Every structure is written in structure tokens, then in C-alpha cells.
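# Examination of the molecular architecture
Listed below, chain by chain, are the residues.
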Number of protein chains: 2
Amino acid sequence: MPGTEKFAIGIDLGGTNIKTGVVSSAGKIIDQTSVKSNAELGPKHVINQIITTAKTIIRKNKVNIKAIGIGTPGVVTVGKGTVENPPNFPGWKKINIAKILSDKLKLNVYVENDANAAAIGEMIFGAGKKYDSFVMVTLGTGVGGGIIINRKIFHGAFGAAGELGHVTIDYKGSKCNCGSYGCIETYVGNRYLKARIREELSEHKDSIIWQLLDNHTDEVSPRIIQQASEQGDPFAQQVIKDMGIQLGAALTSVSNLLDISTFVIGGGVAGFGKPLFNSISETIKKRVLTSIKPRVKVIPAKLKNNAGIKGASSLVFYKH
Amino acid sequence: MPGTEKFAIGIDLGGTNIKTGVVSSAGKIIDQTSVKSNAELGPKHVINQIITTAKTIIRKNKVNIKAIGIGTPGVVTVGKGTVENPPNFPGWKKINIAKILSDKLKLNVYVENDANAAAIGEMIFGAGKKYDSFVMVTLGTGVGGGIIINRKIFHGAFGAAGELGHVTIDYKGSKCNCGSYGCIETYVGNRYLKARIREELSEHKDSIIWQLLDNHTDEVSPRIIQQASEQGDPFAQQVIKDMGIQLGAALTSVSNLLDISTFVIGGGVAGFGKPLFNSISETIKKRVLTSIKPRVKVIPAKLKNNAGIKGASSLVFYKH
């Protein structure tokens, strides 16, 4: 193949779509494709989809492919590439996806949990480049996390470490989807956040949010909150500030426990920008142990569009 | 020297006393001594005390000494043996205690933070023998912690990981000594616990605790609570149960974050025994993520008397 530059195939396995890209060692996507996962058709179907898509994109792009990286939901067995019970993928149980794919595609295959892949992506290509250790927080429907310590992903005792969303900030708080109470996800996860705003909105009749929603309160979204906040709406501003205080409190527990002081925040809700980041950072600085205080840094993630493909491909360029 | 068995010198450096022992590889103390730390006289004095005591006990016990282990307050730089700002030791800043002692005593010297030494002690000699990964929780004046992952102490990014006492369970809770709010230490740390019991006692006029205290409410102690609980006092029983719920909530956050499911609980308050352990264990099992639930174990520490000396000496028998 012409050229000496090596590329990676990055596969972002999601419940809805399988996104596949050819990615340079600098993190540039030179080609990409997306197919429906059709997870309900079972693991065989999904795996065949992955193989066909990868084969096609490799054939089409005549470049040197170093290896394949996959980011997947569920628990991945460290060093083995086995995926266990990914949520929304019926019938999976435990499948050694790395072995199946490397047999078929004749390339090394690296597999990581998608939240961990996002953290490794930020370390290799994004906001974490300069940091030896940081915690990646992904704010979306739920709250995900990946922990990097000394340039390595931290897997914990059994491989499922980093469930940041289920760090509690109020043990008597409201019930979380996971069965526990007061998990940070119940405060700042999209699905809970929207519900809370809908509830509280009735007490803020003069909020700009009402105009922006044109009375369709079921269409409340992070984007609407952001717009209202930028237009000076006190309720929207308070919502964002409170999120920062709540996230900051959870991240302080994480910081004290792991002696980590850099936090990279990504995902849709991170679009709240400075007001959110300032509130998180101020809260951590107020609460964290004295020895950690001077090091605290809260920074936005850099990989935005196609973060999934980039995170998956970064596994190829990461020192395992 | 006669015999082939190797022994360790374990030094438990505390704000009040320096305890030094000769310990077998099975964790048996064959000789020990204690001198006042006189920390207020500065680091030189303290270090000279350590050297003199160690020399004396080595000379007296004619056994094969493999190396020296020290458990110390403060932050220890991993792999260097440097101790930074131990609380209650004025004038220390940063001292390479390992180098100073090994030069003087001609033996290898291993240094660890005292909470980490306690965890390693339980792993080598105590309740953690069978477990590859566990969290050691020490319930005393404050709440200390040490994290063992795959038979190694987890130091975190900068060496100060494991500050379990400052995991929050209520971000709007009462103020902690550390400056934050609702840290688990403010619920179950001895100094806070006693104050809370004294406060609440007035609402429980019929509690046995009153008789046990003979109206000296300032003498309330874990031992009194335990006695009252064993005699069936509902208030004392509720205090212990609540502690278990609060600790369980904090340990659930730890568990979800680190994917660790075994907890070894030590320190004076652990003397509450079964009622406390059951409450902790039930709480974690109720709250923790599904994949971790079946593995949850909450067990009492085994090293009780002289846990400090044993923990320090275990550093010699631990694979660094």
C-alpha cells in the first residue's frame, strides 16, 4: 500500500447505529460510514454487520491499516476483548468480539467499554493530551465516566470501574434508575434534568424558557436552557449553576478518593459552556482536600462530532 | 545469626507514640517497645528517636532482620519514602525518611501512609489474605481508608489516594473538618458521632445510655453505645444501624467507581460488631450496581492490638 502513515479503523458500536471510520494517527477521520445496528436481530447479525462494514471501508480506502479499535457498551474483560451483556443488545451474554473480528479481518482488534474509549480518545487526540491523569465525564442521557491514571485507563478490580454516574451526592435523594438514591445521574443526567425542569418551570412563570418553548414544555432540552441562560434568564442560569454545584460535589468525592484533579467534561450538556464549567470548578476548589486544591482543572472535551469513532480508533494508538 | 527465618522491624509513627516491633513473616510480634514521639521538638528529634529505638531492639533480638517498614501520617511519595507534612508533626515539610534511616541502619526501609500500611497489613497478615482487591476502612476519630487492587496498594495519580472519609453522602450536609460538607466522616467519625449522640440523647429520656453514663453525657463513647445496644436499647441500636446505612452509602459510591466489592472494616467503632456489619452490607447490596451485587462482602479487620506495628512490618513482606 502506498504511503507509510498508519491508520486505524474505529468502530463505535451503539444501540442504534454502528459507526465505522478510517482515522489517522493525528485523529483525523478520512472516511466514515454508518449502518443500523438492528441489535434486536441478535449478536450474530450485529457482528456480521461490523465485519461487512469494516471489510468494505478497508477495501475502499487504500491505506495502511494498523489495527481495529472498538468502543462498545457493557463490561469488557480487560486484555481479552470479551464483551458482557451490553445494555440494549438482547442475547449477547459473553462474546469474545476481539477474537471473532481479528480472525475474520486479519488485524489486531482492541476492545474497550465506550466510556473508557472516550477517555482514551481525549488522552490520545483531545483535551487530555497534556495530562497524565484525569477523569473523563460524559454528560448525556446518563452520566458516564472513564478514569486515566498515569496514561493508562483504570479498570478497577474487575474491569467495570468508572461508573461516575452512580456516585451519590445525597444518600436520601431521589431514586435512580440503577436502584440506588441520589446518584449524580439523577441530578444532571438528561432524562432526569428535563423532568425536573418541567416540574419547576411552573414556579417560574416569567422565565424566557416559556417563550422559547412556545408552551410545549415537553420539548425542554439542554439547548433551550442554554439559550435562555445566554439571554439572561435567572431560572436557566440557576439550573446550570446548580448542575455545576452537584457535579462538583460528586467529582470532589472522586478527587479525594483517587487523588485526581483534572476533569475533562464532554457530552451534550457540556454545551452549557463557561457558566457550567466555572460552577463545577469553583465547587471542587471549595470542597476538595487542601493538598489537591491548587491542582484542580475542569476543561471541556475536544472530541465532539464522531467522538465515538475517534475514541474507538484511539485504542489502536494507545499503549496497552 | 542463628535461624533462617526472616523478621521485619515495624515502626508505627504516631503523633503521640513511636511504636516499634520485631515481627515474623507470619505477623507475630516477638518483641516491641514504645516511646513518646515528642513531635513538638521537630523532625530531627523524632528521627533520632526512631533510629535509637530501632538500633536497640535490633541489638536485643538476635534474629535475621530482612528490612524495616514504617507507617506514617501524611502523604508519602510513592517509591521514594519521602514524607510530606504529616499532621501534628510541626516543621516537617518534606523529609526523605527512608534514605535517612537506611543510611543509619544499613537496612532497606519501606515507607507508607499509615492508612495504606493498615490495608497492606490486612492483606499480608489479616482479613484480606484471600482477596485480591478490597477496600480497608478504619473507623476512629476520623475515617481512614486504603485501597488494594490486585494485591497492590492503589496510590492514585499523586500518591494520596484513598481518602475515604471525605467521600460525601450529602452535599448539603454538615460541615466537615476538611472544609467540605456531608463527608462520611461527619456521620461516623468518632468526634462527630459523639457530639451527635449527646445532642439527640435529650430526646431519648428512657434510653439505657443515660443509666450507663450516670448522667455524665460528656463521657459518651462507642463502648457505651455498644453496651446499650446489646442490652436492647432502641436508640443505641438505631444509632448503629444508621451508621451502617451511612457508611454503606459511601462505600457504594466507592464500589461503583472502583469496581471493588470487598470491604474490610477496622478501628474502634468496628467493635459495634454484627449489627454494624449487617447494616453496612445490606445497604451496599441494596444500592450498588447490579453487576457488583453478588460479590459484596463486608468483613471485620483481623489486626487489632498493635495493628500499627503489624501494618508497618507487613511492608517488608509485601511485593512492591
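The preceding data block contains the structure.
Residues numbered from 1 in each chain as written. Chains lettered and ligands numbered in written order. Predicted model: local features only at pLDDT ≥ 70, side-chain atom pairs only at ≥ 80, totals over all residues. Heavy atoms only, no water.

## Some thoughts on the sheet that holds strand β13 (residues 297-300) of chain A
Strands pair in a sheet through their backbones, by hydrogen bonds, and they do so in one of two ways: parallel or antiparallel. Residue and element names in this part refer to chain A. Pairing within the open sheet is mixed, and its five strands lie in the order β11-β10-β9-β12-β13. Looking at strand neighbours, the two that pair on one side only are β11 (152-153) and β13, the edges of this open sheet. Bridge count for strand β9 (residues 134-139) against strand β10 (residues 143-149) is six bridges, and the pairing is antiparallel. Bridge assignment links V135 to a residue of β10, and that residue is I147. (Pairing = 2+ DSSP bridges. Helix = DSSP H or I, 4+ residues; strand = E, 2+ residues; numbered from the N terminus.)

## A look at the packing of aromatic side chains
Overall, the coordinates contain seven aromatic pairs over all chains when judged by the stated rule. Ring geometry for F89 of chain A and W92 of chain A: centres 5.6 Å apart, planes at 80 degrees, overall edge-to-face. With centroids separated by 6.0 Å and ring planes inclined at 75 degrees, the aromatic side chains of Y171 of chain A and Y187 of chain B adopt a geometry described as edge-to-face. Here Y187 of chain B lies in helix α4 (residues 185-188) and Y171 of chain A lies in the loop between β11 and α4 (185-188), a pairing that spans two chains. Of the two residues, Y171 of chain A and Y187 of chain B, neither departs from the other in class, the shared state being buried. Positioned over the ring face of F158 of chain B is R295 of chain A, at 3.8 Å from the centre of the ring. (Phe/Tyr/Trp six-rings, centres within 6.5 Å; stacked < 30°, edge-to-face > 60°. Buried < 20%, exposed > 50% of the residue type's maximum accessible area, 1.4 Å probe, protein only. Lys NZ or Arg CZ within 6 Å of the ring centre and 35° of its normal.)

## Overview of the state of the cysteines
Residue and element names in this part refer to chain B. Applying the stated rule across the entire model yields zero disulfides over all chains. C178 forms no disulfide, and the closest cysteine sulfur to it belongs to C176, at a distance of 3.8 Å. Using a relative accessible area of 17% as the deciding quantity, one classes C178 as buried. (Disulfide = S-S within 2.5 Å.)

## Some words on the side chain of D31 of chain B
Residues and elements named next belong to chain B. Locating D31 in the fold gives a position in strand β3 (residues 29-36). For D31, a relative accessible area of 14% gives the class buried. A distance of 2.9 Å separates polar atoms of two side chains, one belonging to D31 and the other to N61. (Polar contact = N/O pair within 3.5 Å; in protein donor to acceptor, adjacent residues only side chain to side chain.)

## Some points on the relation of the copies chain B and chain A
Once chain B is rotated about the relating axis by 180 degrees and shifted along it by 0.0 Å, it coincides with chain A to within an RMSD of 0.0 Å. The relationship between the two copies is best expressed as a two-fold rotation axis. Among all residues of chain B, the minimum C-alpha distance to the rotation axis is found for D170 of chain B, at 2.1 Å. Most of the interface of chain B is mirrored in chain A: 100% of its interface residues are interface residues there too. (Least-squares fit on C-alpha atoms with pLDDT ≥ 70 in both. Contact = heavy atoms within 4.5 Å.)

## Quick word on the side chain of T186 of chain A
Assignment of secondary structure puts T186 of chain A in helix α4. Residues contacting T186 of chain A, with those up to four places away along its chain left out, are S174, K175, C176 and Y192 of chain A.

## Structural notes on the sheet that holds strand β5 (residues 75-77) of chain A
Residue and element names in this part refer to chain A. Spatially, three strands are ordered β5-β6-β7 in an open sheet, and the strand pairing comes out antiparallel. Two strands lie at the open edges of the sheet, namely β5 and β7 (94-96), each paired on one side alone. On average, each strand axis in the sheet is inclined to that of its neighbour by 25 degrees, with strand direction left out of account. Inspection of the sheet shows β5 paired to strand β6 (residues 82-84) by three bridges, in the antiparallel sense. Across the sheet, residue V76 finds its bridge partner in β6, namely V83. Seen against the sheet, helix α2 (residues 97-105) touches β6 and β7 and runs at an angle of roughly 30 degrees to β7. (Axes fitted to C-alpha atoms, helices over the stretch in contact; angles between N-to-C directions.)

## A closer look at the pairing of β13 of chain A
Residue and element names in this part refer to chain A. Pairing geometry for strand β12 (residues 262-266) and β13, over four bridges, is parallel. Bridge assignment links V264 to a residue of β13, and that residue is I299. In this region the chain leaves β12, passes through helix α9 (residues 274-287) and returns to the parallel neighbour β13; the handedness of that crossover is right-handed. (Right-handed = clockwise from strand over helix to strand, strands pointing away.)

## Considering the pairing of β10 of chain A
Residues and elements named next belong to chain A. Among the seven residues of β10, seven are classified as buried, and the element is accordingly described as predominantly covered. A two-sided burial pattern is seen for β10, the buried positions comprising V143, G145, I147 and I149 on one face and G144, G146 and I148 on the other. Counted between consecutive antiparallel strands, the loop separating β9 from β10 contains three residues. Sheet topology places β10 next to β11; two bridges connect them, and they run antiparallel. The residue of β11 that forms the bridge with I148 is I153. Between β10 and the antiparallel strand that follows it, β11, lie two residues; N150 among them carries a positive phi value of about 50 degrees.

Any functional reading would require information that these geometric values do not contain.
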